[in-house]
Amino acid sequence: MVRIIPMASSIRPSLSSFRFSDSVTASRHGLRLHRHLLFSHLSSVPQAQFFGLKASKLLKTAGTRAPHAVQASTAVALETALEWIKKDKRRMLHVVYRVGDLERTIKFHTECLGMKLLRKRDIPDERYTNAFLGYGPEDSHFVIELTYNYGVDKYDIGTAFGHFGIAVEDVTKTVELIKAKGGKVTREPGPVKGGSTVTAFVEDPDGYKFELIERWPTPEALCQVMLRVGDLERSINYYKKAFGMELLRTRDNPEYKYTIAMMGYGPEDKNAVLELTYNYGVTEYVKGNGYAQIAIGTDDVYKTAEGVKLFGGQITREPGPLPGINTQITACLDPDGWKTVFVDNIDFLKELECETPSTELRVPAPNRSSRLEIGSPIIVVEAPKVIKTAASVPCLRANSGLVKPGDVGRIVSRKPKDVWAVRLAIGTYLLDGKYFKALEFDESEE
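So, how was this worked out
Residues numbered from 1 in each chain as written. Predicted model: local features only at pLDDT ≥ 70, side-chain atom pairs only at ≥ 80, totals over all residues. Heavy atoms only, no water. Salt bridge = Lys/Arg side-chain N within 4 Å of Asp/Glu carboxyl O. Helix = DSSP H or I, 4+ residues; strand = E, 2+ residues; numbered from the N terminus. Buried < 20%, exposed > 50% of the residue type's maximum accessible area, 1.4 Å probe, protein only. Phe/Tyr/Trp six-rings, centres within 6.5 Å; stacked < 30°, edge-to-face > 60°. Lys NZ or Arg CZ within 6 Å of the ring centre and 35° of its normal. Polar contact = N/O pair within 3.5 Å; in protein donor to acceptor, adjacent residues only side chain to side chain. Pairing = 2+ DSSP bridges. Axes fitted to C-alpha atoms, helices over the stretch in contact; angles between N-to-C directions. Contact = heavy atoms within 4.5 Å.

Visitor: What's the story with the pattern of salt bridges in this structure? I'm lost.
Guide: The final tally for this structure, using the stated rule, is 14 salt bridges. For Glu268, the salt bridge identified is with Arg249, shortest N-O distance 2.6 Å. Of this pair, Glu268 sits in the loop between β13 (258-264) and β14 (273-279) while Arg249 sits in strand β12 (residues 246-253), and the two are 19 residues apart along the sequence. Accessibility assignment for this pair places Glu268 and Arg249 in one class, buried. A salt bridge links Glu306 to Lys309; its shortest N-O distance comes to 3.8 Å. Of this pair, Glu306 and Lys309 are both found in helix α6 (residues 301-310), three residues apart, which corresponds to roughly one turn of the helix. By relative accessible area, which is 11% here, Lys309 ends up buried. Salt bridges here are not isolated pairs; linked through shared partners, they connect Lys184, Glu203 and Lys209.

Visitor: How should the packing of aromatic side chains be read in this particular structure?
Guide: When we look at a pair of aromatic rings, we describe it by the centre distance and by the angle of the planes. Within this structure, the stated rule accounts for 14 aromatic pairs. Taken together through their ring pairs, the aromatic side chains of Tyr97, Phe108, Phe161, Phe164, Tyr208, Phe210, Tyr291 and Trp338 make up a single cluster. Note that Arg119 overlies the ring of Phe132, its terminal NZ or CZ placed 3.7 Å from the centroid. Above the face of the Trp338 ring, Lys287 is positioned so that its terminal group lies 4.5 Å from the ring centre.

Visitor: Looking at this structure, how should I read α6?
Guide: Along an α-helix, a turn takes 3.6 residues, which lines up residues three or four apart on a common side. Here α6 lies mainly inside the structure; eight of its ten residues are buried. For α6, every residue scored as buried is listed here: Val301, Thr304, Ala305, Glu306, Gly307, Val308, Lys309 and Leu310. At the N-terminal boundary of α6, the capping side chain belongs to Asp300, with an oxygen 2.9 Å from the backbone nitrogen of Tyr302. After α6 finishes, the residue Gly312 shows a positive phi value of roughly 100 degrees.

Visitor: Whenever I open this one, the sheet that holds strand β8 (residues 184-191) confuses me. Can you help?
Guide: Hydrogen bonds between backbone groups are what pair the strands of a sheet, and the pairing can be parallel or antiparallel. Strand order in the open sheet made by the eight strands is β8-β9-β10-β7-β11-β14-β13-β12, with mixed pairing throughout. Of all strands in the sheet, those bounded by a partner on one side alone are β8 and β12. With direction set aside, neighbouring strand axes in the sheet form an average angle of 20 degrees. Here helix α5 (residues 232-241) sits on the sheet and contacts β12, β13 and β14; the angle it forms with β13, its principal contact strand, is near 0 degrees.

Visitor: What exactly am I supposed to notice about unusual backbone geometry here?
Guide: Of the consecutive residues Trp216 and Pro217, the connecting peptide bond is found in the cis state with omega at 0 degrees. Mapped onto the fold, Pro217 is located in the loop between β10 (209-214) and β11 (222-228). Here Arg127, not a glycine, exhibits a phi torsion of approximately 65 degrees, which is positive. Here Arg127 lies in the loop between β4 (116-123) and β5 (128-134). Note on Arg127: relative accessible area 49%, which makes it partly exposed.

Visitor: Looking at this structure, how should I read the environment of Tyr278?
Guide: Within the secondary structure, Tyr278 sits in strand β14. On the basis of relative accessible area, Tyr278 is assigned to the partly exposed category, the value being 21%. Sequence separation between Tyr278 and Arg228 is 50 residues; the distance between their C-alpha atoms is 6.0 Å. Aside from chain neighbours lying at most four places away, what touches Tyr278 is Val229, Gly230, Asp231, Leu232, Lys257, Tyr258 and Thr259. Here Gly281 takes part through its backbone nitrogen, which lies 2.9 Å from a polar atom of the side chain of Tyr278.

Written out as C-alpha cells, the structure is:
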C-alpha cells in the first residue's frame, strides 16, 4: 500500500464539466439518474433546498427559462455547496460494527491489539449494548464502536467490507503477541502485494479482518477502514464533493487486478482514512449485516444533508435531534449503499461529557459538595423541575414526582460542573449537586 500513481483527469471534473442528461427522471422522493449517466457529469441534480435554492423550482422553470439560465443557477448551487463543505469542520469519529459476544471481542481488542476500553453503554429498552475502544480519547481520536444486540451471536460480514487498518511499530512482534494471546493470523508479516510496506492480517473472534501496517510513530493508530466499491471514479467524486474528503493517493495493481484510493480529512500518516478498493470487473458485492457505518462530525447536519442530496447521496434519516436528547444527526447512503452518520460537533462533545465512564477515579467535588464522592450515599433536598437520565443516550424529561425531596440514593459517577450520576430506587439520573447532599448517619444509633 505504498506505490502511488496519478489518477486520470476524468476523476477530477471541474464545475464547468457538470452537465445534465435528458435521462433525468423525477420521482416522489427526488431525482434519479439512469445508470448510464456519467457520475463525473453530476450524479444528481439538487433535490431539496440548499442555501435558498430549490431543485423543484429549477425543474418547473426549466421549460420557461433558457437552458443556460437553469445551468447557471445550478452551477451557483454547486459552487455554494462546495465552498461550505470545504469549510465545514469534519472528522471521522468512529466506525460501528456488530459482534456476537461483546466481552470476548473487547478482550481481543485490548489484549491483542492494545486498545483501551473507553466507555460502555447499555440500552435495555432497545436491547443492545455498545462498547467504545481505541488508542486515545474520543474527542481527538478515531475509535471503534462495537454493538451487541441481545440474543444475536453471529453476523454475516459479506464480501463488500474489507478490513480495518492498525498502524504498529513492529508488525512481526505484534503478530507474535497476538499468537501468544490465541489470536488468529491469516497472513504472516511481509511486504504488501505490489509494494514494500510490511503488513500482516489478523481476524477478531467474529471474523472481521485487521491489517497491521508497519508505520511508526503515528498520532492515529486506528488508521484505515477499507470498503469495496463498484465504480472507483464515481466513489472518489462522491466523497470529494458530498463529504469534502481529499483524494490523498491512489495505487493501481494490475498484477492482482485491483485499484485503491485513499480518502480523508488530512494527511494519511496523521488521520484515519477511508480506503476504497475497486476489483477489476466487479461492480456489486454482498453487504452482509455485520458492518454498520462510519460516523463523521459536522458543524451543521442540515446543510450536510442537502450537500449529500446535491451530489448523489441518499438520505436515510432526515437531519434533526435524536428522540429525547438534543444530539443532531443525519444518515445517508453513498452510491454503493455504504452508510454514514453525520453528528453535530458540539452535540457530540456534550454527549462525551455526559457519558464519562463510571469506573473513573473517586474525585471529590469542589466547594459545598466537597464531601461527595463516587459511592457516597445521598439524600435529595430539592426536587429539580427537569431531570436527565444517566443512560448512554441521556433523555430529558419533566420531573413529575419521579425525584422528590427525601429520596435517598448513591453516587455512581461524577460529571463536569458539579453534575453527578445518582442511582435512586426508580433509576439512575444526572443531578446537579445543589439538589442533594451527603446522607449522614447517626453513629450512636444501633
